[in-house]
Number of protein chains: 2
Amino acid sequence: MEPILLNGQWTASQNPSGSVHAFNPSTKEAITEREYPISSWDDLQAMLDAGKDAADQLAQLEPDRIATFLETYADELGKDIEQLVQIANTETGLPVEPRLKNVELPRTTNQLRQAAVAARDGSWRNAVIDTAAGIRSIHNPLGGPVAVFGPNNFPFAFNGVAGGDFAAAIGAGNPVIAKAHPGHPHTSTLLAKAAMRAVEATGMPKATVQMFYKTKPELGLKLAAHPTLKAVGFTGGRGGGTRLKEAADRVGTPIYLEMSSSNPVFILRGALEDRAEEIAAELHGSCALGAGQFCTKPGLAIVERCPESASFLTALSEHAKSSVPGTLLTPASPDEIDSTVTQLIGEGAELLAGGRIAGTEGFAYENTVLTTTAAQFLRESETMQTEAFGSVCLVVVAEDLQEAVSVASVLEGNLTGTIYSAQDGRDDSGYNAVEKVLRTKVGRLLNDKMPTGVAVSPAMNHGGPFPATGHPLFTSVGIPASLIRFTALHSYDNVRSHRLPSALQDKNPTGSMLRSIDAKWTTEDVS
Amino acid sequence: MEPILLNGQWTASQNPSGSVHAFNPSTKEAITEREYPISSWDDLQAMLDAGKDAADQLAQLEPDRIATFLETYADELGKDIEQLVQIANTETGLPVEPRLKNVELPRTTNQLRQAAVAARDGSWRNAVIDTAAGIRSIHNPLGGPVAVFGPNNFPFAFNGVAGGDFAAAIGAGNPVIAKAHPGHPHTSTLLAKAAMRAVEATGMPKATVQMFYKTKPELGLKLAAHPTLKAVGFTGGRGGGTRLKEAADRVGTPIYLEMSSSNPVFILRGALEDRAEEIAAELHGSCALGAGQFCTKPGLAIVERCPESASFLTALSEHAKSSVPGTLLTPASPDEIDSTVTQLIGEGAELLAGGRIAGTEGFAYENTVLTTTAAQFLRESETMQTEAFGSVCLVVVAEDLQEAVSVASVLEGNLTGTIYSAQDGRDDSGYNAVEKVLRTKVGRLLNDKMPTGVAVSPAMNHGGPFPATGHPLFTSVGIPASLIRFTALHSYDNVRSHRLPSALQDKNPTGSMLRSIDAKWTTEDVS
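Computed from a predicted structure; not experimentally measured.

Attention now moves to the overall build of chain A. When helices and strands are tallied, chain A shows 15 helices and 22 strands. Taken over C-alpha atoms, the radius of gyration comes to 24 Å for chain A, in line with the 24 Å a tight globule of 527 residues would show. The principal-axis extents of the C-alpha atoms in chain A amount to approximately 75 × 60 × 40 Å. Scored against the burial criterion, the 527 residues of chain A give a buried share of 62%. When contacts within chain A are restricted to residue pairs at least 6 apart in sequence, those whose partners lie at least 24 apart make up 74%. Accessible surface, chain A: about 17500 Å² in total, of which carbon and sulfur atoms supply 51%. Of the charged side chains in chain A, 43 are positive and 59 negative, and the gap between their average positions amounts to 6 Å.

Attention shifts here to the environment of L351 of chain B. All names here are of chain B. Position of L351 relative to the elements: it lies in strand 15 (residues 350-353). In this structure L351 comes out as partly exposed when scored by relative accessible area, which is 36%. As a C-alpha pair, L351 and N432 span 81 residues in sequence and 31 Å in three-dimensional space. If we skip the residues at most four places from it in the chain, L351 touches I345, T368, V369 and L370.

Attention now goes to the environment of P16 of chain A. All names here are of chain A. Along the chain, the position of P16 falls in the loop between strand 2 (9-11) and strand 3 (19-24). Of the residues examined, P16 reaches a relative accessible area of 29% and is grouped as partly exposed. C-alpha of P16 to C-alpha of M1: the two residues are 15 residues apart in sequence and 9.8 Å apart in space. Beyond its immediate chain neighbours, meaning those up to four positions away, P16 contacts M1, P37, I38 and S40.

Let's shift gears to helix 3 (residues 81-92) of chain A. Residue and element names in this part refer to chain A. Between its first and last C-alpha atoms helix 3 spans 16 Å; for 12 residues at 1.5 Å apiece the expected length is 16 Å, and the two agree. Here helix 3 has its buried residues at L84, V85, I87, A88, N89, E91 and T92. Those residues of helix 3 that are buried lie in contact with strand 3, strand 4 (29-39), helix 2 (63-79), helix 4 (96-121) and helix 6 (185-201).

Let us now look at the interface of chain A and chain B. With 64 residues of chain A at the contact, the number on the chain B side is 65 residues. Taken together, both faces of the contact between chain A and chain B bury some 5200 Å²; the carbon and sulfur share is 52%. Linking chain A to chain B there are 8 salt bridges. With its nearest N and O atoms 2.6 Å apart, the salt bridge here joins R499 of chain B to D428 of chain A. One can count 50 residue pairs in polar contact (both at pLDDT 80 or more) joining chain A with chain B. Counting only elements with at least two residues in the side of chain A that touches chain B, the list comes to strand 5 (128-130), strand 6 (135-140), helix 8 (238-250), helix 15 (428-438), strand 19 (442-447) and strand 20 (488-493) of chain A. Of the residues assigned to the side of chain A that touches chain B, the class counts are 27 nonpolar, 20 polar and 17 charged.

Moving on: the sheet that holds strand 5 (residues 128-130) of chain B. Strand order in the open sheet made by the 12 strands is 15(A)-16(A)-17(A)-14(A)-13(A)-18(A)-19(A)-20(B)-6(B)-5(B)-21(B)-22(B), with mixed pairing throughout. In the strand order of this sheet, the two ends are held by strand 15 (350-353) of chain A together with strand 22 (520-522) of chain B, each with one partner. If you compare each strand with its neighbour and ignore which way they point, the axes differ by 20° on average. Bridge analysis of strand 5 of chain B against strand 21 (residues 515-517) of chain B gives 2 bridges, and the strand direction is parallel.

Residue and element names in this part refer to chain A. Burial of strand 7 (residues 146-149) is two-sided: the residues V146 and V148 facing one way and the residues A147 and F149 facing the other way are all buried. Looking at chain direction, strand 7 and strand 8 (residues 176-179) are connected through 4 bridges and run parallel. Along strand 8, the bridge assignment pairs V146 with V176. Viewed along the sheet, the connection from strand 7 through helix 5 (residues 164-171) into strand 8 turns out right-handed. In the sheet, strand 7 pairs with strand 11 (residues 231-235) via 4 bridges, with the strands oriented parallel. Each residue of the ladder has a partner; that of V146, found in strand 11, is A231.

With that out of the way, let us pick up the packing of helix 3 (residues 81-92) of chain B against helix 6 (residues 185-201) of chain B. All names here are of chain B. Relative to each other, helix 3 and helix 6 sit at 155°, their axes nearing to 8 Å. Accordingly, the angle class assigned to the pair helix 3 and helix 6 is roughly antiparallel. The element helix 3 and its partner helix 6 pack so that their crossing is left-handed. Where helix 3 abuts helix 6, its residues Q83, L84, I87, A88 and E91 lie against P185, H186, T187, L190 and L191. Among the residues making up the contact of helix 3 with helix 6, the classes are represented as 6 nonpolar, 3 polar and 1 charged.

Between chain A and chain B, the superposition needs a rotation of 180° and an axial shift of 0.0 Å, giving an RMSD of 0.0 Å. Here the copies are linked by what is in effect a two-fold axis. Distance from the rotation axis, computed per C-alpha, reaches its smallest value in chain A at D249 of chain A: 3.4 Å. The fraction of interface residues of chain A whose copies in chain B are also interface residues reaches 100%, indicating that both copies meet through the same surface.

Parameters and conventions
Residues numbered from 1 in each chain as written. Chains lettered and ligands numbered in written order. Predicted model: local features only at pLDDT ≥ 70, side-chain atom pairs only at ≥ 80, totals over all residues. Heavy atoms only, no water. Helix = DSSP H or I, 4+ residues; strand = E, 2+ residues; numbered from the N terminus. Rg over C-alpha atoms; globule rule 2.2 N^0.38 Å. Buried < 20%, exposed > 50% of the residue type's maximum accessible area, 1.4 Å probe, protein only. Contact = heavy atoms within 4.5 Å. Areas by Shrake-Rupley, 256 points an atom, 1.4 Å probe, with all protein chains shown as cover. Lys, Arg positive; Asp, Glu negative; His and termini not counted. Charge placed at Lys NZ, Arg CZ, Asp CG, Glu CD. Expected span 1.5 Å × (residues − 1). Buried area = accessible area lost by both parts, 1.4 Å probe. Salt bridge = Lys/Arg side-chain N within 4 Å of Asp/Glu carboxyl O. Polar contact = N/O pair within 3.5 Å; in protein donor to acceptor, adjacent residues only side chain to side chain. Nonpolar A, V, L, I, M, F, W, Y, C, P; charged D, E, K, R; others polar. Pairing = 2+ DSSP bridges. Axes fitted to C-alpha atoms, helices over the stretch in contact; angles between N-to-C directions. Right-handed = clockwise from strand over helix to strand, strands pointing away. Parallel < 35°, antiparallel > 145°, perpendicular 65-115°, else oblique. Left-handed = near helix turned anticlockwise from the far one by under 90°. Least-squares fit on C-alpha atoms with pLDDT ≥ 70 in both.

Rendered as structure tokens:
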């Protein structure tokens, strides 16, 4: 049985309730060389205790120390590239190139480095100094560990021990208890080992980074609700996310979730007239990316019925039929997708392409296109929005613009919403009608571009209203905005000056940190 | 039966389930001239529908329009001062001067004006422009009405139709459905009438401000969970707040609550040696302010046992005994306080002063001082932290500093935490030990000063960890920080430039709005 990472040591799990192993999705073979423990509460309690101590120690460190740790960790990952991408490929079936080696791993180290820059800069901590009132405030670390639950679909960039939530929580000054996804445990071990080399090289508290692989669902809920745990970051499915949210909400622990999204794409008549074939190719490409296992996969397209809508559907279906199905992440994936597709057909959707578990060597499902009318979609709008986590797209045909707007009005909260319109602006009034309804239902609004690219930009919002996430104010991608989630607002009222944190003392701690002094944003000292 | 304010009209309540009237707490007399409806769902549904329309209209307005409305509202309140303070005094028993006329009403108009400045400025909306990635983001209004539930203890400054949450929600661009507190309905009517004059004078959407007085608890929960409602602001007790939070959380609607707080004051040995009598007087004054009905009332004091701790307790008790009890807000208040005091005594607290319903003309309870040992407090720490919403203070005597730190470690989340220490710094090591534990449990940390003053400062945090509020990241007082709560983060990815909101277009919309352009905060245009 593999050890867990507890308080700086790779330690045997105490009283595990069982074990799990990974699969090679490309061959469907179990990877039985390594068994990973299903942690009991003993492991989690020990991590909480150690994490609390680490939080207290981190609170005494200047942000530069944390920044140096994050950069050192990124450097360490740069030394392991070949092994990391090889193991991640074995455990996830994701292609070594370009995906893992040229896109996701560089993105991951880039995020760690951006979080380091943010930690050092500190302007995002919103330091406010009111000299007349004698009050100063800032966003501080939370005072305890943060649990980060990573998803199956990004073994590096969203990994609990290396990804966006990890970088944000650490960058904000909190220790992390990572739950590795059991779909890529060895990958996670390698990441955690690199993290520990960085912890040691930079003299960080030993429990700054801890990791376990799996626990029983009820213990995950107990962890989320434990008073020592100060926040949760979660990326995964809606069922588990909703249960964790409920557990954390009940005790008022901040929880930041990314749960599900159908990422609707509205293709207005003008766009279809201009470039139906081109958009069909784009939609297929976006849908099939990563075998359709992106949080921002466009699972829903809405088109206005017109001569070009028929050719659009034909082109989309042809692309689906002629493409080799991608490899899915887990043994359960094909059945799960099939179940959702069957459900959609049961609600009246018509199958145009795919619709079957693929007969490939690995876990796979045929690229699938379904269609339905807006009237039928509106009748069964809740079921019709069920996310199929694979290359499945439901195209809703609206009789006119008004029906398309009606579809927009019943959409749940989504990460993204996209509108394609005529290039010459002749359907801008249609754009406005759809946008007005769509804008407040999505975190990121796109024009003329599929939503699967999620740039690590300070302007990125990888968030959106429930049930896409738990709160419409926050993004899990985009630095420094993602860091603020893992802080608390702290005021200091009449606190003696030598007791203030350095960021709130009269002297600007870096010379470049933006602070509001008497209602003016400045990098100056308090005069 | 008095009408409700629905979509710009004072309208008869539809199918009310009953009616309520206010009391004059100073005379215990019912104010029966005006009966206020207990609204059925008909009223609330109509408000939601109208509020949604208003939200759509508000989204099209430039922030300057909203700012002008808020300023006009403040001006209108300035015309009604005498009537407002007279009626508020009759309904709440709070003194006309200085409290209502010289403190709370000016504070309320000041908040409205500060929210106007923030709305016009917009820098707090965190506009981020990444020209290389083609992504721009900003905090936008929520796309639907916000419900604001006001408390009983501040008829102006926290009123659902005029107070801090109102100013923040409107300043951020959202219409408000206010639930007036039925303890001061006529006051709320006068405020709402002034708001409507401002709505009309500035041509705002009619349903920008709506108000009802009371509804059944289950309909309050239904309102909080309704998909048209986009956020909730609540100030009140823990029971109602917790139930509303659960309803809103279940559907992922942001809810911002201020629920309860014992506001612990740690008085270290050095401070007692230096100035025990003085601190006893300060503590009594803070406790008795507003008859102890402040959210930040120090209900808990922790002292180290020393020669001066005994004289401190004596002085505090003498102040309590020699002061006339203040008038409480509601007929139920004396019994509620008595029940909590009885409970504390039942858990082993010793009564030093007060402890009985006062024999005064109005609703009142004697100024009450209780004491217990740290050991006993630690045994019954949950009950011992029950908030008595009146002039009641429990003084916990710790045998030494370590016991005081142990008390800090079992505290729930609080709005404030205060430490008094020696003026010459000789007990700074004790300060550090307490502060380390206390800091992450409170929103505002104070030195040498009682917590009841809540300045409307941009550095104020009137917030704190659960159960003081619902989330440690937010403040309900302090502008512009309080506005951000009533927004959603919106990215625009590849959106054509003429479709961007003005705040994200290349040209700086005001010439002075701070925006991040390619990672540099600036008031310049995009070049």
